[in-house]
Each structure stands twice: as structure tokens, then as C-alpha cells.
Amino acid sequence: MPREPPIVLPVSLPLLRHANPWALLLSKEEGYPLSTAALLSERYALKSDEKPFVRELLNRKRNLWVFRCDQRRFAGDFVVVDMAEPRPARRRVVVLDLKMGAPLVLGGGGAGMQLTHAQDAVNGVAARKGLIAPGTPYVLATGGKDAMLAYLRA
């Protein structure tokens, strides 16, 4: 049986320059054959205002690390970790779901089922040693690009 792809993949500015950065990551970091990686990459594809959002966020706030969530796993769009805090257990973590033009809503309201497995996404980030501690609390947030950038102080 084929293994399940990771629930989160790291996003970086250089990576966003590639046409299909997810296939590249799945192949190089996760060891998938390129043909399989290309098929799996659609799970992480950036739609509508997601790419401008993440590009703007990473350009403005170098202390934030962003992870793209597998869109088939109902874990939100992104997990954002504030790396300014040196202690992994105390880092601020936000699991967010972008909703075009919507106001900011904390607690996951307005996301429908899209944030059902947010904890799995946070666990996926925690599995990457040294980023956050297992059990690190997180905030659920939904809203449009501008509302989310304002919330993240970007």
C-alpha cells in the first residue's frame, strides 16, 4: 500500500519561484519518485489569493515559518509558526484557512470542515524536530488575505 504524503510541507520564498514546488519537495525531501510526486503535488497547489498571501507574509515577516497543508486532509490551508521565540514549546502557532475577502474569525468559525484535522497539521510540524514541541497550543483563524496579514502583524 502506498504511504500517505506528509500533511504539511514547508513553504519558502525561493520555493515559490518554481512552477510546481510541491513535486520538487515531495521528490527531494520525502523520497517520492518524480512521477508520483507530480501527481501528489496537486494536494498542495496554491489557489486564488493563497500564493500572493504566503509570498507577502514571508517577505514581510522573516521570523514566520509557513507550512502548506494537504488540502485533502481537512487541516486548513497553512500552519504558521513564529520562530522569534527561542523555546519551541512557547512558539506561537496559527492554523489558518483563507476565505477571500472575509473578516478575521478566530476559533475556526466560518471554515466549515476545513479545520477539522488542524491538530494533525500541528502534529506534522511538531514531527519536524526543533520547530515546535508536541502539544504546543495553537490558534485557529479564518479570514481573507488582508485580514490575516493584519492579524499576523505583517
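See above for the structure.
Residues numbered from 1 in each chain as written. Predicted model: local features only at pLDDT ≥ 70, side-chain atom pairs only at ≥ 80, totals over all residues. Heavy atoms only, no water.

## Thoughts on helix H4 (residues 118-126)
Item 1. Taken together, the buried positions of H4 are Ala118, Ala121, Val122, Gly124, Val125 and Ala126.
Item 2. Against strand E1 (8-11), strand E2 (64-69), strand E3 (78-82), strand E4 (93-98) and strand E6 (139-143) lie the buried residues of H4. (Buried < 20%, exposed > 50% of the residue type's maximum accessible area, 1.4 Å probe, protein only. Helix = DSSP H or I, 4+ residues; strand = E, 2+ residues; numbered from the N terminus. Contact = heavy atoms within 4.5 Å.)

## Concerning the sheet that holds E1
Item 1. Read across the sheet, six strands follow the order E1-E2-E3-E4-E6-E5 without closing on themselves; strand pairing throughout is mixed. Unpaired on one side and paired on the other, E1 and strand E5 (105-106) mark the two borders of the sheet.
Item 2. Looking at chain direction, E2 and E3 are connected through five bridges and run antiparallel. Along E3, the bridge assignment pairs leucine 64 with aspartate 82. (Pairing = 2+ DSSP bridges.)

## Looking at unusual backbone geometry
Item 1. In this structure, serine 48 is a non-glycine residue whose phi angle is positive, near 35°.
Item 2. Take serine 48: it is sitting in the loop between helix H2 (34-40) and helix H3 (50-60).
Item 3. A relative accessible area of 55% places serine 48 in the exposed class.
Item 4. Although it is not a glycine, phenylalanine 74 sits at a positive phi angle of roughly 55°.
Item 5. Among the structural elements, phenylalanine 74 can be located in the loop between E2 and E3.
Item 6. We classify phenylalanine 74 as partly exposed; its relative accessible area is 35%.

Coordinates in, geometry out; function isn't part of it.
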